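One letter stands for each residue in the lines below.
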Amino acid sequence: MYERDLQDLVRGLRSDAAKKNEAKFIAEVVDEIRKEISSKDMDIKGGAVCKLTYLDMLGYDMSWASFHVVEVMSSPYLHLKTGGYLAAAQSFDENTDVLMLTTNLLKKDMASGSHPEISAALNCLAHILTPELARDLALDIVPMLNHSRPLIRKRAILVLYKMMLLDSDALDRGFGKLREKLEDPDVVKYIALLALVRIVPSHPYLVAEHQRLILASVNDSDMSIRMRALDLLSAMVNRQTLQHVVQHLLSHLSPGSSSGTGQSATQALSQAISGVAAPAMPLNLSTPYRLDVSRRVLDMCSRDLYDNVEDFEWYLTVLVDLSYVARVPIGEEIRDQLLDVVARVRSVRPFAVRLMAKLLDEEAPGADSDCCVEVYWAAAFICGEHWSDLSNPLKTAMKLLGEESTRLPPTILAVYMSSAMKIIGHWASGVALEWDDIHLASVQQNVDEVILRVSRFVASPYIEVQERAATFGQLLRFLKADLATYGQAQVPTADSDGPIFPKSLQLIHPLSSTFELNAVAPEAQDKVRLPEGLDLDMDLVPVTIRAPPELTGNAPPKPKRRRKKDLSNHVSGNAEQPAESSILSQGGLPNTQVSGPDDLESIPIVALEGLLLGPGLAEPQSSSRSAARPTVITQGEMPDEPPLQAQIGQPPIALSSETIQSPRAIAVVRTKKSAKGKHRKTAGQDAR
């Protein structure tokens, strides 16, 4: 009997005959397989199992042959055994009734000295694993983590990970061995880290014990190992470990960090085999990787509204350090974190102001710098908003208005102007409280210096910076003029009613100190009660334009369709009807109702023989009309200026409602629709 092998099966499925009637072809093939799989010849049985496996991949059921699959799995020949294990991994599930027959077979093959057999058994076990198999085979998998071949160790780790998910006893037995694989010099470290990533949501305390090994993996030369280590750190961080983990990641991003080597995984494996040590090279961290690490640092600290942060002064320092070492475009996120922490945590504001003032004292970077320049936005805003905590406000304001600040982007310069004005207002108010006439000269000198510095920004090409600088400059000039007037006038005594200092010193400060800026929760507005009598759905301005009656449903009933031509309704182009004239004199046209889109007979044909024009655009009138005496409109609003002349050289024409002539009536002509689509003719044309 001719036996169809797997290649013949694939070729037959692709033939034209099989495409025309695939169900018939598959039925014939399955009948052949049923006969072959019952054969005593293991080669024939193995070939039948291979064909069934292919059909199972196409969606055809092979669960009826599960016992024969186990028979092929137990074959002593490797090519048949691997085919049987593949069929089991493809078709077996937790409801397969012959799974209990595979326990001893798997134990025997995993204890074999042939690593291909061990690999085939481990691959199959990872797919068909059940809680019962995990309980029975856990003790056989744990010793395989120390196998001499890295490939076997890697597959054993994957199987052990799945066992830990199904059996808690397997977790207790194998976790110690799994931890040791973190120090495996081969690529098995990645598999161990991947298993720990899956375990940490349910057993975080077990993973936290190996923090040192995980942190060391961050400096590995293999990018995949570093990424898995970062996943672990992000998942296991808590209040006790946050500071240590973040400091390690910051040093990892630092340009001077030389931990790790620049070897790839293949190079490291070749080095382990040959025993020849390669020279160590510093890690070359790519921009996407640096951005990922930086965002993980922000996420670890800000998670659950900074639940893991115990020392906010430390966190503000971390944000400033991150802006230096990140060297990626993450400045906006750091800026938002700085503002959010300072707004939420009132006790940290004095430290934040001192830290930001120290940051502003340094030389400002350029707009194209790899430093996160947006941090200077936050520094200026914090110093300007919380000016009372500045130790030397005048120095900070002068730094904001320094010449090196012009290198910053315009969005930051605009904040610099606002913050400098707030700080100068605070400084001037403090001078007023401790006023002494001997301070007049120094105050005038400082004001002149501030005016000089602000004048640099008035000519800025950016409109926001220019506007704020101009406003600030005008306030300073007023202050300067008032100081000069105060110096020339007689100083009032302490008994007088007037102030004993220039009034303008208190001019700028109230502009920014009336209300305190506090954090507002996103849902706070919803909790505010509406005042009584306030209707948010009512229109502020009443709507006077009404919708057409067709849209509101108030349209008049549909008129009946006219079937006979009524010549009495036809109006010639030169005729003037009294009724029509009276309607037009009231400023409207005859009301013609359109009954519907399908009633074409009811649609009037309108011939516009004259235009309704305004007084200034009216058609040329006869000499008698143009010679009418001018009158003045006595009702309505008139402009203050005289109206424009209609023609150059002519005086303006004063109009009165009594002398305005009504325009000629628009002749409305109705015609009957042609029965056979012929051209319509008006009544006037028929007359001609």
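Residues numbered from 1 in each chain as written. Predicted model: local features only at pLDDT ≥ 70, side-chain atom pairs only at ≥ 80, totals over all residues. Heavy atoms only, no water.

Regarding the overall build of the chain
Now for step 1: Of the regular secondary structure elements, the chain holds 31 helices and two strands.
Now for step 2: Taken across its 688 residues, the chain has 39% of its residues classed as buried.
Now for step 3: Restricting the contact set of the chain to residue pairs at least 6 apart, pairs at least 24 apart contribute 69%.
Now for step 4: A total of about 41,200 Å² of accessible surface is found on the chain, and carbon and sulfur atoms cover 53% of it. (Helix = DSSP H or I, 4+ residues; strand = E, 2+ residues; numbered from the N terminus. Buried < 20%, exposed > 50% of the residue type's maximum accessible area, 1.4 Å probe, protein only. Contact = heavy atoms within 4.5 Å. Areas by Shrake-Rupley, 256 points an atom, 1.4 Å probe, with all protein chains shown as cover.)

Structural notes on the packing of aromatic side chains
Now for step 1: Taken as a whole, this structure holds five aromatic pairs when the rule is applied.
Now for step 2: Consider the rings of Y306 and Y315, whose centres lie 6.0 Å apart with planes at 55°: the pair is tilted. For the pair Y306 and Y315, one class covers both residues: buried.
Now for step 3: The interplanar angle of 35° and the centroid separation of 6.5 Å between the aromatic rings of W314 and Y315 together place this pair among those described as tilted. The residues W314 and Y315 share a single accessibility class, namely buried.
Now for step 4: An aromatic cluster is defined as three or more aromatic residues linked by ring pairs; in this entry it consists of Y306, F312, W314 and Y315.
Now for step 5: Note that R34 overlies the ring of W64, its terminal NZ or CZ placed 4.1 Å from the centroid.
Now for step 6: Between the NZ or CZ atom of R335 and the centre of the ring of W377, over which it lies, the distance is 5.3 Å. (Phe/Tyr/Trp six-rings, centres within 6.5 Å; stacked < 30°, edge-to-face > 60°. Lys NZ or Arg CZ within 6 Å of the ring centre and 35° of its normal.)

Quick look at the side chain of R4
Now for step 1: When you line up the elements, R4 lands in the segment before α1 (6–13).
Now for step 2: Within the local environment of R4, its side chain forms a polar contact with the side chain of E32, the two groups lying 2.7 Å apart.
Now for step 3: Setting aside residues up to four positions removed in sequence, R4 forms contacts with L9, F25, V29, E32, E36 and K51. (Polar contact = N/O pair within 3.5 Å; in protein donor to acceptor, adjacent residues only side chain to side chain.)

Quick notes on the confidence of the model for the chain
Fine structural detail should not be taken from predicted coordinates in areas where pLDDT scores are low.
Now for step 1: With 71% of its residues at a pLDDT of at least 70, the chain reaches an overall mean of 76.
Now for step 2: In this model, residues 676–688 is a region of pLDDT below 50 whose contacts with residues beyond four sequence positions or in other chains number 11 contacts. (pLDDT = per-residue confidence, 0-100.)

Considering the nonpolar core
Now for step 1: If you look at the biggest cluster of nonpolar residues, it comprises 171 residues, and the most contacted ones within it are L125, I141, M163 and Y315.
Now for step 2: The greatest single-element share of this core, amounting to 13 residues, is contributed by helix α24 (residues 410–433).
Now for step 3: Once you skip the residues sitting within four places of it in the chain, L125 turns out to touch L106, M110, L133, L137, I141, V159 and M163. (Core = buried A, V, L, I, M, F, W, Y, C linked by side-chain atoms within 4.5 Å.)

Focus: unusual backbone geometry
Now for step 1: At L305, a position not held by glycine, the phi torsion is positive, near 55°.
Now for step 2: As for its placement among the helices and strands, L305 is situated in helix α18 (residues 287–306).
Now for step 3: The class of L305 is exposed, set by a relative accessible area of 59%.
Now for step 4: Even without being a glycine, R327 presents a positive backbone phi close to 55°.

Some thoughts on the pattern of salt bridges
Now for step 1: Under the definition given, this model contains 20 salt bridges.
Now for step 2: A salt bridge links R295 to E333, with the shortest nitrogen-to-oxygen separation between them at 3.2 Å. One end of the pair, R295, is in helix α18; the other, E333, is in helix α20 (residues 331–344), with 38 residues separating them in the sequence.
Now for step 3: By relative accessible area, R295 is classed as partly exposed at 40%.
Now for step 4: On the basis of relative accessible area, E333 is assigned to the partly exposed category, the value being 30%.
Now for step 5: Of the charged contacts, one joins R344 and D340 as a salt bridge, the two residues approaching to 2.9 Å between their closest N and O atoms. Within this pair, R344 and its partner D340 are both found in helix α20, separated by four residues, close to a single helical turn.
Now for step 6: Ionic contacts of the salt-bridge type, sharing partners, join the residues R228, D231, D292 and R296 into one network. (Salt bridge = Lys/Arg side-chain N within 4 Å of Asp/Glu carboxyl O.)

Points about a nonpolar patch on the surface
Now for step 1: A surface patch of nonpolar side chains, amounting to about 340 Å² of accessible area, comprises F67, M100 and L101.
Now for step 2: The class for F67 is partly exposed, based on a relative accessible area of 43%. (Patch = residues over 30% accessible without salt bridge, like charges linked within 9 Å, V, L, I, M, F, W, Y side chains within 5 Å.)

Quick look at helix α10 (residues 150–166)
Now for step 1: Taking 1.5 Å of rise per residue, the 17 residues of α10 would be expected to cover 24 Å, and the 25 Å separating its terminal C-alpha atoms lies within 8% of that figure.
Now for step 2: Taken residue by residue, α10 has I152, R153, A156, I157, V159, L160, Y161, M163 and M164 as its buried positions. (Expected span 1.5 Å × (residues − 1).)

Overview of the packing of helix α12 (residues 188–199) against helix α15 (residues 223–236)
Now for step 1: The contact between α12 and α15 brings their axes to 9 Å, and the two run at 20°. When the axes of α12 and α15 are compared, the pair comes out roughly parallel. By crossing handedness, the relation of α12 to α15 is classed as left-handed. Here K189, Y190, L193, L194, L196 and V197 of α12 come into contact with α15, specifically with S224, I225, R228, A229, D231 and L232.
Now for step 2: Grouping the constituent residues of the contact of α12 with α15 by class yields eight nonpolar, one polar and three charged. (Axes fitted to C-alpha atoms, helices over the stretch in contact; angles between N-to-C directions. Parallel < 35°, antiparallel > 145°, perpendicular 65-115°, else oblique. Left-handed = near helix turned anticlockwise from the far one by under 90°. Nonpolar A, V, L, I, M, F, W, Y, C, P; charged D, E, K, R; others polar.)

A look at the environment of S455
Now for step 1: With respect to the secondary-structure elements, S455 resides in helix α25 (residues 440–458).
Now for step 2: Since its relative accessible area comes to 32%, S455 is described here as partly exposed.
Now for step 3: Engagement of the side chain of S455 in a polar contact is seen with the backbone oxygen of L452, the distance being 2.4 Å.

Focus on the environment of V375
Now for step 1: For V375, the position within the fold is in helix α22 (residues 374–385).
Now for step 2: Here V375 falls in the buried class, since its relative accessible area comes to 1%.
Now for step 3: For V375 and S323, which are 52 residues apart along the polypeptide, the C-alpha to C-alpha distance reads 7.2 Å.
Now for step 4: When residues no more than four places from it in sequence are discounted, the contact partners of V375 are S323, I334, L338 and L359.

Here's the deal with the packing of helix α8 (residues 115–128) against helix α9 (residues 131–141)
The packing of two helices is summarised by the inter-axis angle and the distance between the axes.
Now for step 1: Two numbers describe how α8 lies on α9: the axes approach to 12 Å, and their chain directions differ by 150°. In terms of axis orientation, α8 runs roughly antiparallel to α9. Here α8 and α9 pass one another in a crossing that is left-handed. On the side of α8, the interface is formed by L122, L125 and I128, while α9 contributes L133, L137 and I141.
Now for step 2: Taken together, the residues of the contact of α8 with α9 break down into six nonpolar, no polar and no charged.

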